[in-house]
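Residue-level structural notes
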Amino acid sequence: MSDEKKTVLSMKNISKSFPGVKALSDAQLTLREGEIHALMGENGAGKSTLIKVLTGVEEFETGEIIMDGKSIVNGSPQEAGMNGISTVYQEVNLCPNLTVAENIFIGREPMKMGHIDWKTINREAQKILDNLKLEIDATELLENYSVAIQQMVAIARAVDTQAKVLILDEPTSSLDEGEVEKLFEVMNMLKKRGTAIVFVTHFLEQVYAVCDRITVLRNGHFVGEYKTEELPRVKLVATMMGKEFDDLADIKNKAGNGSRRNNEAVIEAKGLYHKGSIKPFDLTIHKGEVIGLSGLLGSGRSELARVIYGADKPEGGELYVNGEKLHVKAPIEAMQKGMAYCPEDRKAEGIIADLSVRENMIIALQAKRGMFKLMSKKEQEELTDKYIEMLQVKTANREVPIKTLSGGNQQKVILGRWLMTDPDFLILDEPTRGIDVGTKTEIQKLVVKLAGEGMSVMFISSEVEEMLRTVNHMGILRDGKKVGELEESELSQENVMKAIAGGDK
Amino acid sequence: MDKLKKLTTCRLFWPLVCLFLVLLFNFIKSPSFFKISVNNGVLYGYLVDIFNRSSELIILAVGMTLCVASSAGTDISVGATMALAGGVSVYLLGTGNTYNMPWILAILAGLLVSIVCGMWNGFLVAKMKIQPMVATLILFTAGRGMAQLITGGNILYIKVPNFKYLGGFLPHIPVPTPILVAIIVVVLVSLFLNRTATKLYVESVGINPKASRLFGLNSNRIIWLTYAACGLCAGIAGMIATSRISSIDANNVGNLMELDAILAVALGGNSLAGGKFSLGGSVIGAITIQALSTTLYALKVTGDQLPLYKAIVVIIIVTLQSPEFKKFMNRYKAKRAAKAAGEKVAS
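The rules behind these values
- Residues numbered from 1 in each chain as written.
- Chains lettered and ligands numbered in written order.
- Predicted model: local features only at pLDDT ≥ 70, side-chain atom pairs only at ≥ 80, totals over all residues.
- Helix = DSSP H or I, 4+ residues; strand = E, 2+ residues; numbered from the N terminus.
- Rg over C-alpha atoms; globule rule 2.2 N^0.38 Å.
- Contact = placed C-beta atoms within 7 Å.
- Buried ≥ 20, exposed ≤ 12 C-beta atoms within 10 Å, placed from the backbone.
- Domains from an automatic or database assignment.
- Nonpolar A, V, L, I, M, F, W, Y, C, P; charged D, E, K, R; others polar.
- Pairing = 2+ DSSP bridges.
- Axes fitted to C-alpha atoms, helices over the stretch in contact; angles between N-to-C directions.
- Expected span 1.5 Å × (residues − 1).
- Bend = angle between axes of the 7 residues up to and from the residue.
- pLDDT = per-residue confidence, 0-100.
- Parallel < 35°, antiparallel > 145°, perpendicular 65-115°, else oblique.
- Core = buried A, V, L, I, M, F, W, Y, C linked by C-beta atoms within 7 Å.

1. Observations concerning the overall build of chain A
- Scanning chain A from terminus to terminus reveals 17 helices and 22 strands.
- The C-alpha atoms of chain A give a radius of gyration of 26 Å, which matches the 23 Å a tight globule of 505 residues would have.
- Along the three orthogonal principal directions, the C-alpha set of chain A runs to about 80 × 50 × 45 Å.
- Long-range pairs, those at least 24 residues apart, make up 69% of the contacts in chain A with a sequence separation of at least 6.

2. Things to note about the overall build of chain B
- When helices and strands are tallied, chain B shows 15 helices and four strands.
- Rg of the C-alpha trace for chain B: 22 Å, near the compact-globule value of 20 Å for 347 residues, within the 12% margin.
- Judged by the C-alpha coordinates and their principal axes, chain B covers about 85 × 55 × 35 Å.
- Of all 347 residues assigned to chain B, the portion counted as buried reaches 48%.
- Pairs at least 24 apart in sequence give 76% of the contacts found in chain B among residues at least 6 apart.

3. Overview of the domain arrangement of chain A
Residue and element names in this part refer to chain A.
- Here chain A is described as being made up of domain 1 (1-84 + 163-231) and domain 2 (94-161).
- Placing a centre on the C-alpha atoms of domain 1 and another on those of domain 2 gives a separation of 26 Å.
- Contacts between the two partners involve 13 residues from domain 1 and, on the opposite side, 10 residues from domain 2.
- Looking at which element gives the most residues to the side of domain 1 that touches domain 2, the answer is helix 6 (residues 177-192), with six residues.
- Here the side of domain 1 that touches domain 2 is built from residues that sort into eight nonpolar, three polar and two charged.

4. Section: the sheet that holds strand 13 (residues 265-274) of chain A
Residues and elements named next belong to chain A.
- Read across the sheet, four strands follow the order 14-13-16-17 without closing on themselves; strand pairing throughout is antiparallel. At either margin of the open sheet sits one strand with a lone partner, and together these are strand 14 (278-286) and strand 17 (324-325).
- With five bridges connecting them, strand 13 and strand 16 (residues 316-321) associate as antiparallel partners. Following the sheet pairing, Ile 267 is matched in strand 16 by Val 321.

5. So, the sheet that holds strand 21 (residues 473-478) of chain A
All names here are of chain A.
- Spatially, 18-19-20-15-21-22 is the arrangement adopted by the six strands of the open sheet, whose pairing is mixed. The open sheet is flanked by strand 18 (339-342) and strand 22 (481-486), the only strands paired with a single partner. Adjacent strand axes in the sheet meet at a mean angle of 20° when their direction is disregarded.
- The sheet contact formed by strand 19 (residues 425-429) and strand 20 (residues 456-460) spans five bridges and is parallel. Following the sheet pairing, Ile 427 is matched in strand 20 by Met 458.

6. Regarding the pairing of strand 6 (residues 85-88) of chain A
Residues and elements named next belong to chain A.
- What you see with strand 6 is no split at all: Ile 85 and Thr 87 on one side and Ser 86 and Val 88 on the other are buried throughout.
- Across four bridges, strand 6 lies against strand 9 (residues 165-169) in parallel orientation. Among the inter-strand pairings, Thr 87 is bridged to a residue of strand 9, identified as Ile 167.

7. Concerning the interface of chain B and chain A
- Taken together, the contacts link 20 residues of chain B with 25 residues of chain A.
- When contributions to the side of chain B that touches chain A are tallied by element, the ones reaching two or more residues are helix 9 (198-207) and helix 10 (209-214) of chain B.
- It is helix 9 of chain B that provides the largest number of residues to the side of chain B that touches chain A, a total of six residues.
- In terms of residue class, the side of chain B that touches chain A is built from eight nonpolar, seven polar and five charged.

8. A short note on the environment of B:Leu259
- Tracing the backbone shows B:Leu259 in helix 12 (residues 257-267).
- Residue class for B:Leu259 comes out partly exposed when judged on the 14 C-beta atoms lying within 10 Å of it.

9. What about helix 12 (residues 357-369) of chain A?
All names here are of chain A.
- Look at helix 12: 19 Å from first C-alpha to last across 13 residues, which is about the 18 Å you get at 1.5 Å a residue.
- Ile 363 marks the point of greatest bend in helix 12, at about 45°.
- With 11 of 13 residues buried, helix 12 is to be regarded as a mostly interior element.
- When we look at burial in helix 12, the residues that qualify are Val 357, Arg 358, Glu 359, Asn 360, Met 361, Ile 362, Ile 363, Ala 364, Leu 365, Gln 366 and Ala 367.

10. Let's talk about the confidence of the model for chain B
- When pLDDT is averaged across chain B, the result is 90; 96% of the residues are at 70 or more.
- Listed scores for the predicted complex are pTM 0.75 and ipTM 0.87.

11. Describing the packing of helix 5 (residues 78-93) of chain B against helix 12 of chain B
Residue and element names in this part refer to chain B.
- One can describe the packing of helix 5 onto helix 12 by two numbers: an axis separation of 6 Å at closest approach and a directional angle of 130°. Between helix 5 and helix 12, the crossing angle belongs to the class labelled oblique. On helix 12, the residues that touch Val 78, Gly 79 and Met 82 of helix 5 are Met 257, Glu 258 and Ala 261.
- Partitioning the contact of helix 5 with helix 12 into residue classes produces four nonpolar, one polar and one charged.

12. Focus on the nonpolar core
- The biggest cluster of nonpolar side chains holds 239 residues, and the ones touching the most others in it are B:Leu60, B:Ala61 and B:Cys233.
- Of the residues forming this core, the biggest block, 16 residues, is contributed by helix 11 (residues 219-245) of chain B.
- Counting contributing residues, this core receives three or more from each of domain 1 (1-84 + 163-231) and domain 2 (94-161) of chain A.
- Residues within four places of B:Cys233 in sequence aside, it is in contact with B:Ile59, B:Leu60, B:Val62, B:Gly63 and B:Val185.

13. Looking at the environment of A:His115
- When you line up the elements, A:His115 lands in strand 8 (residues 115-116).
- For the pair A:His115 and A:Thr441, spaced 326 residues apart in the sequence, the C-alpha separation amounts to 66 Å.

Right, here's the structure in full:
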């Protein structure tokens, strides 16, 4: 039945490269009249690039976009708008200090005798809002409404430009449950009117709540287009992550690396939480154990680690380190208790770009010792050389700025920074992202080796295979909540995906 | 060739070249420029005068460098802080024939006020996350008002002669006291920066405060401290300026000096975007600015025209140091080298 629907837009064989990366190769997307279409894929799968190509933000190299039977090329978002393609971005980009009506008509105000026709603006705006069954006063200032309502206004503005295709790029990430419901109502209403909606989100629940079809991308490739009711959750997760699992690459030393669940606890969290990022959770990490945190992007895996480390101050619950209660207010206190933390975003939170490799490496140990106990030049150099050698950092010398190194080598420097502080508990958040395969394996081996020497490691990664290779135990997160744990014996690709997907579908 | 390249890429190379050019111009114009003589037991000469007059600016530039490095912002209230600190000290000492209180206490009180000013600025910038320019604008306007309030809107004169020691000469010492104070400040601050991890911390926070927090630095406190230090430097400069004229004129002490201090930091090759810095560069920058003023006065440029000529020279210096200009020069050199090579082949 739904197959009878008219195709509004199709993108065929789209390819696009950025320097050094093939962002899209032969990607495709087909939108039909009156359907909500989810665009899914893990980080770096090419979702945002595909959308940027569609809306004229980026140019594509090969392929074509066909709308209503005609081939079109959008040189700019404005041109895309004229072709009937509107976009609402994650961050609302409206003017909060103007009225709702002004925001809806900004840039295309109806004129009357050389003046802006305010009466018409207010009347028409109110009509559009009423049509969408939104209880919003068009003459009120936009900033007086919640983010959710502002998002609706953005949608109202987008659909009023007679959009045939509406793209919603992660519109729900800052909304609460009630607000999401409201958004879904509006989406369904537009669907009935025949608008084709592209819905980009990381929340599986929402995909199954409103979407008719799902297109999955992986590493810039088109994986498939599915009807929502024909694709169970587990399968969707598996499709998004890719199923190739290399059993032979199991680098864990099975003999020496059995369960360490019986070792003494290093970290014990009871009901720890941070509002809006991670709901209360219990977690115990034992000596010499590698614990993995798994979940889709935005599931709260990084946030859980940040709360333990004090990068985000916990707002409630208890944390015990080696049996001792710790009220961590700032990372330095966690460091003093033997924790170390490699953040996910290496560029924004890891490296100090202009400082040298040496300074970047010694700085955590220096901070731990205190401002007045400057490490001698000799000690700094010896330690730096030691870790450059141990981690095989490729750098001209220890005094070049870290920004001149490649991503993988920067990551090694950050690892060296923390190993230098001789931690008991090391948190690695996506330590292998954007790193070549060889270095990836080196880092995984290092993690297993460190655990063998008695260090406890928390390993967070989007790649399930990599985690299965390195971890002894795994925590599963979904939608900001820890929903379960997997013992070593239960660790398999299938179990992990099932756990990540959750639900009974 | 390699050595030359190393020299030209050194941070202090271009600031020094600029200073050298200004001095060279003077030497050509009047060969007596470099003459230093001893008169009445003290040193005299253009050079001594330049160094002496740039003392306050050097001290201000030291504090300003720290603020710029840690917060990528400038403290524009230093001029007003100078007046306020000077005003407090003079007020406490009184205008009678003897001091109302021990002079050391009065000076310490003035310096304390300047530190409090700096801490207030630091609080606004580090804790309240107000843009440094806006945060320090408060004291920029209010500071002089407070100084006026203390002095009752009058110019207060100190009659006790030894008040002039700080801005003039100490008995039996031929070097002007401001020069000595400036040297002491620069030496103490650089010792502190380099013998402790402070320089590393300040640079790290200036480049990436988020990352710095994650490896255990208290980014807010470090920014706060640099502003407090900047306030103290302004206080010291204020004492010298007040002592020079043995009086406090709340309207004119340190007037517009914040701009010269920022300029000194920039002329010293320091990026106003924060991060890595060189104290030496800022000191050279401060001396360059003063040398420029002295030169222009020697050329009979009147005080009211001075800013125009100064601006022209500053434009030239800043352009010479800009990365765009260096890129342009490199391309030009490469083109010439290619052309020369081509001609060689042809002949």
